[in-house]
Structures are given as C-alpha cells and as structure tokens.
Amino acid sequence: MDTRAEDINLWMKDKQDAQVLAICGPAGSGKTTLAKYIYDTNLLKFESGSFLEDIGKICEQTCGLCALQEQLLSDILEDKRKELDVTSYKSQIENALRKKRVLIVLDDVDKEEQVEALLGMEEINTESKIIITSRLPDIQTLFRSRSRRCKEHKLKLLNEHESLALLSWYAFGSKIPMEGFKELALKAAHYCAGNPLALKLLGSLFVNAKDSRKRTNIEYWMSTLNLLEREPNYRIEGILRMSFEYLPFITYRELFLHIACFFIGEDEDYVVKILEPDYCATAGIVTLINRCLLTVSPSKKLMMHGLFIEMARRMVLDESPTNPAKRSRVWCNEDSYTLLRQGMGSETIEGLALDMRMVREEKHNTQPMAFDADSLAKMDNLKLLQLNYVELSGSYDDFPEDLRWLCWHGFPLRTLPSELFMGNLVAIDMSYSKLEVFEPPTVIRPLKILNFKDSQSLVEIHTISRLPNLETLILWNCYSLVRVSEPIGDLKSLSLLNMTGCENLFKASNFSQQQSLTSPFPHSLQRLLLKSCSLELNDHFLNFKRHSFLQYLNLSGNLFDRLPEYNHLTNLRVLDLSFCSRLKCITCLPNTLEELFVTCCKSLEKITFQSPRFGLREIDYQGCTNLLEIEGLLKLVPILKTDERFLGHMKWLKEYQSHEVCLIGDYHLTVDRSRHIQMLYEFGIMSTFLPDIKDPNMTCEYTSKSSSLSFNVPSHDNNHKIKGLNVIFKYILFGEEKYIWPIFAKIINTTKCCEWIYNPMVFGSPKFGDVAIWLSYWAMENLLDVGDQVNVSFIVENGLEVIECGASLVYDDDDDDDEMENDTWQNNVKWDEILVGNLSAFQLSKETYYLCRRDFFKSMEVDGPTPRWFRDSVGYKFDYTEIQGWRKTGRDPKLRS
C-alpha cells in the first residue's frame, strides 16, 4: 500500500499543487481502500477531516445528500453534538472550509451537484486537501461550473506479485500460497486481472466453501477455475455470481437481495430486527460479512460494494425484464409508481419501495397525487413496504396482511384507518407524518420498532399497551405531544426510548402525574434520550434508581444545575450532558462509564467519579470555559480563585494572580478561557506558566543556561524529609511557527534507574521574542534519596528555544507544619495516577513512565522517520510505535503487557 500511495503522499505535501485530487479507476480496483489509507495516515496533519463513503448510493435515498452535508459539518467542526442549522448547510460548509485546514475524502462521486453541495462554490483554505474517488471516465465533468483545479490519479491495477499476495491472504491467511497451491494460486490471480475486489472474493470463496475440506482440495480449485474460464469476458461478474451462489442457504441469498435492494446505509440492528423472523438475519449478516459480500461501517450502517448492489438488482430485474409486477422486489421509483398507478401488483412481489418526493423532483411535478389503496390488494406476499410521502385513498380492507416492515414517511392521515391490519408488523416508521392521534387498531405482538420522528402534529398516543413487545419507541421532535394515555413504564420490553424535544409532554400535568404513579420509564431501558426537554433538578424524570440496564443516557440541552448521583448505574457506558448551560457540577459518576460529553456546559466547574482513577475512553469538554477539575485527570484553576493555603510553598504566586498568559495545547480546555495565570495539576505535578517575572522565590539551587542540568541529592540539616522537586525553565519563541507543540520535561533518577517524561495538557505560548516561564513542582516523596544522581531536561520543538533551566529540592521544613498539611495539591487530592501512586497505565518499561494524555503519532507511517523530539525525550530504547494509540488513560489496554 505504501508504494501505491507514494505519488498521492507527495501531492499531500505540495502546497502549490491542485487542492483537489481525483482517484479514478474501474469498479473494484481499490479506490476507496487507497483513499481510506491516505486519509488515516495523514489526518493528524490537519485541523480536522471527514471521510464520506459511498456518496452515489446514499444520494439515491430520501434526504441522502442532506445527511451527508450534516455529517461533513459535524466532522470538520469536530463536534458531533453541535447544534446545526439544517436550512443553511451549504453556506455553513463554505464558511468552515474557508477557515479550517481540513482533509476531506468524497468517495464514489458521480454527479456534479454532489460536489457542489459538499464543497460549495467558494474558495477553500489553501492548506486543505480534497480527495475524490469516482468511476467517471472524465472527471472534469464534476467541475464544469467552477474554476477549481483537479489533479487526476489513474489507479493502476495490482501487479502479479501484489495479486498473489492479496489472494493468498484471503485464501490461506498468509501472503504466501500454501504448499502445493502456488501454480493454482498464480492462475487464479491472473484470472482476476489485478482487480482487488475479485481477488478478495475468490480467496474468500475458496476458504469459505461449504465443505471445509475443499479449501485444501486441489481438484476443487481446478474445477472452480475451469468453471470461471468458460466465460472469459465476464471475469469479475462471474466471481461475483459465484460468491452469491455459493452461499450455504437459500435464506442467506434472499437476505442478500433484500439488503441490496432496500437496506443499504440502514442501521444493522434495525435491519436485523426486521428480517430476523423470515431470514435468520443475525447469522446471515455474519456470513455475508465473512464472504466479503457485506460490510458494516463504524457507525453500524450496512454497506455493500457498488458491484454487488448492481449484480443483486440485475438478478432481480432478470426475473422479468419487462414486467415489474412479476419480480420479487421493486425498488425503482419509476417502476413502483407505475405499479401503483395501474394497480398491477401480484403475489410475486415481496418488497416494494416508492418515494413520491423523488418522483415529483424527477417529473418536475409538485402536485400531490393519491393512489387507490386497492392497488396493493394483489400483493399477498408483500413483506417489505416503503411508501414515503405517498397518499392512498379508499378502503384499507385489502391492505397486505403479511407485512413485516412499513416505512411511510410523511403519512398523510390524522389517524390510522381502523380497518388497517397491522398484526404481523415488526417495524413501523412514520417519521414526518401528519398524525394527530396514534392508536393501534388492535394488539400487535410482533411489533418491535415504532418511529414517529418529526411528527410535529402528533398530540396524543392511546392504548400503547397494545404493543406489549415494543423494543424501540422514537418520539424525537414530537413538539405537540401532550398526552400518552397509558404509562410508558408498562412497556416491559422497551430498550430504546427517544423523547428528544418532547418539552410540552413533560410539562403536561397529566403526564407527569401519571408517570409518577409508577416508574417513569421501563426498567428494561438500555438507551434513553431526553434531550431538550426543559428538565430541572426537581423533576422525578431524572431519577433512574431501578434502571440497572441503562447503557446510554442523553440529557443534553436541559435546565438542571446539578444531577442526582448515578454511581449505581453500573452498565452505563455513555452519558451526554452537552449544552446544559446551567450545570455546575457532576458528582460520583460510575467507574464503568466510558464516554462523557459535556460540550458547551458553560457553567460547569467540576466532574468527579465513584473512584479517583480516571478511566474514560472519550470525554468532550469543548466550550466548558469555567471547568476547573476533572477528577483523576487534571485541575486547571486560576490563581485568582485559589486559596493561598492550598498553594503550599507556592503561595507567593498570589502576588501575580492578575498577570496574564496565553495557554495553548488542549484546544477544548484553553479556547475562550480566562488568561489569568492558572495552576495545572496532573500526575501529582503542580505547574504554572508565567510571563518573565523576577522573584526571589524562583531562585534555584541548580541552574543551567542550556536545556538540561544534573545534580546529586545532598544531605539536609536535621534529616528533614524530601517532599519533591521544584523545576523551572525559561523559553522563547524565535520563529513564526503556527504550531509549537510538543513540549516535554524529563526527570531521571540515574541511581534508581527511573525516568519520568511529562507532557502537560496546556502550556504557555509567548509572543515572538518574549520569555515564558514554566514553573513546576513534582511531588516525589520516597522517589529521591540522599546521594541519588538526578538529571533534569526539557525538550521543545517547532520554533521554541530553552534559554535557562533550574531545579531545587523541597523539604518538609520549607513551610510550617500547618501549611504543609494543608498543601491540598499534594496531600488532599486522593488521585491514584500520581508520581508516588499507580502509573502502570503510563509505563513504557520497568523504569520509564510516559506521562502524556494524547496521541502524537496517530497518523504516522510505521516505517517513517522517528521525530527528533521523540528521540530526544525517550532516546533509542523505544520505537515511537510503542506510544501510537496513546489515550487520556495512557496506553491502549489491549497493548499493555
């Protein structure tokens, strides 16, 4: 892959070359794979980035392009929870692209309007790079309406060596063919003509044969290749067909066709619930993934290569080339429109999809059109039905009764027809409907999913007990909803409840009183969204005492200033409190929590956990301009707000509390923050960044005009105990670099063979030519003894220069006893991960600790040169790949020995 990416990586570095590069090549040639590799290995060099996959197929869906615009904005603004204005996506994108240095990949683009909608018409930042993948023979047709330059990169197919290695990997799990198979493997690789997709499929075909003995059966390989060679002009299509036909069960083939025709880009769990009863979807999807026929995106969306989608749909078309009524699946809007208009349905049809908004756009007709409900009467075997923005007139007596999935966005009626049979439905999606009252006409035991997203006319829900097995209920943005006649808490199987924006329902006295008689929400809930519901602390809806299964909780955009303790929610993994502008503190969060989002909680000051060890896998505190402490992670407090007795031997800093310093480093922590001098605490290290002040308290025992110094720990009068080490270093900015990280301090106890390498989460950024001071106190009790040889050094990069450094030992007699006892930073903070505590998560080796909360190497190539600052700070004992994947919690747990 490195060789294939070489030219593009050169383009990435060339600021004078075109900003847009198009990777062109035939289907299955590896365009997306190469673009993804380039994206992953270069992303860290940009402020932010976005990878939009399978754009052509997604744009075929209702609001598909709008969803892509929303994803792009969320990605490049680096805030997936930011409130976005859906009415002006294009102008927001243009504004963001003009300001930010970004890397964007637009995968599988096939129309000019897609580029225009996603990149806009304005100039973009000169340091940004845009990569497009496309099968179009003339890529310049995507840029006819703008003067933007686009460089074309013709993708070469794999050579013989690369082809053999790829096929062998999928067939044998090794880049080298199994003994006795080299000649056949070469023949198979040659047949694929260098196409990566064909090589993967053929390799997977051999290894996943029904009879496991066949994978080592030479005769089987020969027979398969002979069969393929009978159609030499249809090589790729032949392999695609064989991959489909060799699926072990007919049920899996039907599952494959349903997904290809109706469910590309849909959530995996959603599709499994719908198709599981008839097609064993749980096991079937695993098989399709193992056969390389299907993939699941990081956001759990079902994705399929365009060649497979085309093959599947062509197979369905071949069932009856001229008569859609005789096909098993009808997904094309034009065919579905004709069938319903002419009432041409038949028992053959198992799935039908129609989106009238897209039909009106294509026909340039904005007038509503109603079909006769009887047009569906003949479709007795219909299981999957999508009627988005379709109006039906007449009686629903003959509506298909075997339906499993009814997706009817924009449902036009105010109530459900009483004669509509829904007894076999597994999923109902009536998003954007005009329903005013929902009442199931009868008990629907199979129903698991009910979605009324953005049904803004919905006022009442009746007899919800008729849905006893409901697992998902979505009332997102049902602003008018004020009455639910029966307690939601009685839905014993409900696992996902989304009531985002149902502010009026929570204000309704009848709902509040009714829910208070029982548990407000079912105890079975695993995911609960109460975003923007105007909830306050005294609302009993915030108590989840009996909800032990809860895994995801979204309370963002509410009015409370604090929360009850949730330490009993031992299964809770994600908590979202973003945009709770009044929230001041969060206390006693459970140890099991993995992700916490407090974006733009402008009043938030403190976050604490059930135990003092910080264990979050992800935390977003962007816009928390008053945040002072995240327990176990850091404290960052203005000296102005700190009682001098808590500063211990550094209480003299109060004299300079009004001085200002610009802090940089952790962007989310420093943006819009007060510039008054701050005290940072992490890892048992207390430090502050100062302007060039002159104070006798900064006089050091040991000094150097360079970036390092050494000394031996002397004996001390009266045998007073060593408490720690004061360290000072002065530095200047001498260049015009925009980015001046990283910055490290390193302390080595040579005698004890221990070293600590520390990168602060924030640090002072001086103006050009000015001097900045980093003053730090390392609490190293029991880590330094008389006679120990100690080395102190500082490592800076990108325009910074150290002009002086110093160190002084701190003893327990340096302040009076009362002040030492009240030295909160050292003695009263019961954090686990401190210098004299448990730093195993940050341990590179037995004697080396890498005290860093970020991954500087996320996008570096494995074989790339070692950065100078890393060599200077860590030396040659470690390769920098040792700290790739570093987190706020240290080394990835999977990589710890």
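Residues numbered from 1 in each chain as written. Predicted model: local features only at pLDDT ≥ 70, side-chain atom pairs only at ≥ 80, totals over all residues. Heavy atoms only, no water.

**Student:** Could you clarify how one ought to interpret the sheet that holds strand 40 (residues 789–796) in this entry?
**Tutor:** Sheets are built from strands that pair by backbone hydrogen bonding, the pairs being arranged parallel or antiparallel. Strands sit in the order 34-40-36-37-42 across an open sheet of 5 strands; the sheet is mixed. The sheet is open, and its two edges are formed by strand 34 (708–712) and strand 42 (848–851), each paired on a single side. Adjacent strand axes in the sheet meet at a mean angle of 10°, parallel and antiparallel pairs treated alike. Here strand 36 (residues 743–749) pairs with strand 40 via 7 bridges, running antiparallel. (Pairing = 2+ DSSP bridges. Helix = DSSP H or I, 4+ residues; strand = E, 2+ residues; numbered from the N terminus. Axes fitted to C-alpha atoms, helices over the stretch in contact; angles between N-to-C directions.)

**Student:** Whenever I open this one, the environment of Asp-278 confuses me. Can you help?
**Tutor:** Mapped onto the elements of the fold, Asp-278 is located in helix 13 (residues 268–279). Its relative accessible area of 26% is what places Asp-278 among the partly exposed residues. Along the chain, Asp-278 and Lys-383 lie 105 residues apart, while their C-alpha atoms are 9.6 Å from each other. Dropping the residues within four chain positions of it, Asp-278 is found in contact with Thr-251, Lys-383 and Arg-404. Side-chain polar atoms of Asp-278 contact the side chain of Arg-404, separated by 2.9 Å. (Buried < 20%, exposed > 50% of the residue type's maximum accessible area, 1.4 Å probe, protein only. Contact = heavy atoms within 4.5 Å. Polar contact = N/O pair within 3.5 Å; in protein donor to acceptor, adjacent residues only side chain to side chain.)

**Student:** Before we go on, may I ask you to explain unusual backbone geometry in this structure?
**Tutor:** Note: most residues except glycine have negative phi, and most peptide bonds are trans. Although it is not a glycine, Cys-280 adopts a positive phi angle of roughly 45°. You will see that Asn-477, though not glycine, has its phi angle at about 60°, which is positive. Its place among the elements puts Asn-477 in the loop between strand 18 (472–474) and strand 19 (483–484). A relative accessible area of 14% means that Asn-477 is categorised as buried.

**Student:** How do you make sense of the side chain of Lys-100 when you look at a structure like this?
**Tutor:** By secondary structure assignment, the location of Lys-100 is in the loop between helix 5 (89–99) and strand 3 (102–106). Judged by its relative accessible area of 16%, Lys-100 falls in the buried class. Here the side chain of Lys-100 touches Ile-76 through a polar contact of 3.0 Å, landing on its backbone oxygen.

**Student:** Would you mind showing me how to read the packing of helix 12 (residues 250–262) against helix 13 here?
**Tutor:** A pair of packed helices is captured by two measures, namely the crossing angle of their axes and the spacing between those axes. Look at helix 12 against helix 13: their axes get within 11 Å of each other, and the N-to-C directions meet at 150°. At the point where helix 12 passes helix 13, the crossing takes the right-handed sense. Only Val-271, Leu-275, Asp-278 and Tyr-279 of helix 13 make contact with helix 12, whose side of the interface consists of Thr-251, Tyr-252, Glu-254, Leu-255, His-258 and Ile-259. Of the residues assigned to the contact of helix 12 with helix 13, the class counts are 6 nonpolar, 2 polar and 2 charged. (Left-handed = near helix turned anticlockwise from the far one by under 90°. Nonpolar A, V, L, I, M, F, W, Y, C, P; charged D, E, K, R; others polar.)

**Student:** Looking at this structure, I do not really get the environment of Lys-15. What am I missing?
**Tutor:** If you trace the backbone, Lys-15 turns up in the loop between helix 1 (2–13) and strand 1 (20–24). Of the residues examined, Lys-15 reaches a relative accessible area of 58% and is grouped as exposed.

**Student:** Help me out: how do you make sense of the packing of aromatic side chains in this one?
**Tutor:** Two numbers describe a pair of aromatic rings. These are the distance of the centres and the angle of the planes. Counting across every chain of the model gives 29 aromatic pairs. The interplanar angle of 80° and the centroid separation of 5.0 Å between the aromatic rings of Phe-683 and Phe-842 together place this pair among those described as edge-to-face. Residue Phe-683 is found in the loop between strand 31 (678–682) and strand 32 (685–691), and its partner Phe-842 is found in the loop between helix 22 (824–828) and strand 42; the two are separated by 159 residues along the sequence. As far as the burial class goes, Phe-683 and Phe-842 line up, both buried. Ring plane angle 20° and centroid distance 4.1 Å describe the contact between Phe-729 and Phe-794, whose orientation is recorded as stacked. Linking Phe-729 in strand 35 (residues 722–733) with Phe-794 in strand 40, this pair joins segments that are 65 residues apart in sequence. On the accessibility criterion, Phe-729 (0% relative accessible area) is buried. Relative accessible area serves as the criterion here: at 6%, Phe-794 is assigned to the buried category. Here a set of aromatic residues connected by ring pairs shows up, and it is made of Phe-683, Phe-689, Phe-729, Tyr-731, Tyr-758, Trp-774, Trp-778, Phe-794 and Phe-842. Lying across the ring of Phe-51, Lys-36 places its NZ or CZ 4.9 Å from the centre. (Phe/Tyr/Trp six-rings, centres within 6.5 Å; stacked < 30°, edge-to-face > 60°. Lys NZ or Arg CZ within 6 Å of the ring centre and 35° of its normal.)

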